[in-house]
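Chain residues, written in single-letter form:
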Amino acid sequence: RDRDRGAGASSRRVRARRREVEAMSVRALKDILVAAGESARGCVERADLVTRVLESSRVDVVAETALELRRSELDAMGLGDLVRQAKRLGVVTRGALERDDVVELLEASGRCVVVEDGDGGRGGGGGARRG
């Protein structure tokens, strides 16, 4: 049945982020395959569907655009800096009135990865202190 549905689909290219695909439900994964004109035939486990979507030539897997910040850099940023950073990353801050609200939105978005200072993150040297 999935094969027939997939064959009749418009077979347009579908775009998705890898992290989003890996978090999708079985139904959503099947829907992406159908939209891309692919079949779910032979996929037994959810992991099989994830692999099929990620390896499909009809699905563009969009590169992640996560910014890595050290905890000390994040702590040193004022509200204005945080809002500007969120805007650059495409994180909506409407309704966030306090600094901690913006930090929470940034972290929850997945577009900003906070590395604890003791974890030896990728960024070399200390963070630039502001303020």
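Structure first, text after, so check above.
Quick summary incoming for the structure in this document.

Regarding the environment of Ala40
Logical step 1: Inspection of the secondary structure assignment puts Ala40 in the loop between helix 3 (26-35) and helix 4 (46-55).
Logical step 2: Residues Ala40 and Arg52, 12 residues apart in the sequence, show an inter-C-alpha distance of 7.6 Å.

Comments concerning the pattern of salt bridges
Logical step 1: Applying the stated criterion to the full structure yields 7 salt bridges.
Logical step 2: As a salt-bridge pair, Arg18 and Glu22 come within 3.2 Å of each other at their nearest N and O atoms. Residue Arg18 and its partner Glu22 are both found in helix 2 (residues 18-23); the two are separated by 4 residues, about one turn of the helix.
Logical step 3: Accessibility expressed as a relative area gives 43% for Arg18, which makes it partly exposed.
Logical step 4: Look at Glu22 and you get partly exposed, because its relative accessible area is 40%.
Logical step 5: Between Asp81 and Arg84 there is a salt bridge, and its shortest N-O distance comes to 2.8 Å. With Asp81 and Arg84 both in helix 6 (residues 79-89) and 3 residues apart, the pair spans about one turn of that helix.
Logical step 6: Several salt bridges converge on common partners, so that one network encompasses Arg71, Glu107 and Glu116.

Comments concerning helix 6
Logical step 1: Looking at helix 6, one finds that the buried residues are Asp81, Leu82, Gln85, Ala86 and Leu89. The arc that holds the buried residues of helix 6, viewed along the axis, is 135°, so those residues lie on one side. The exposed residues of helix 6 that point more than 90 degrees off its buried face are Lys87 and Arg88.
Logical step 2: Packed against the buried residues of helix 6 are strand 3 (67-70), helix 5 (71-76), helix 7 (99-109) and strand 4 (112-115).
Logical step 3: Following helix 6 by one or two positions, Gly90 has its phi on the positive side, about 80°.

Observations concerning the pairing of strand 1 (residues 14-17)
Logical step 1: Taking every second residue as pointing to the same face, the buried face of strand 1 carries Val14 and Ala16, while none of Arg15 and Arg17 on the other face is buried.
Logical step 2: Pairing analysis gives 4 bridges linking strand 1 to strand 2 (residues 59-62), with the strands arranged parallel. The residue bridging Arg15 from the neighbouring strand is Asp60, located in strand 2.

How each quantity is defined
- Residues numbered from 1 in each chain as written.
- Predicted model: local features only at pLDDT ≥ 70, side-chain atom pairs only at ≥ 80, totals over all residues.
- Heavy atoms only, no water.
- Helix = DSSP H or I, 4+ residues; strand = E, 2+ residues; numbered from the N terminus.
- Salt bridge = Lys/Arg side-chain N within 4 Å of Asp/Glu carboxyl O.
- Buried < 20%, exposed > 50% of the residue type's maximum accessible area, 1.4 Å probe, protein only.
- Arc of directions from axis to C-beta.
- Contact = heavy atoms within 4.5 Å.
- Pairing = 2+ DSSP bridges.

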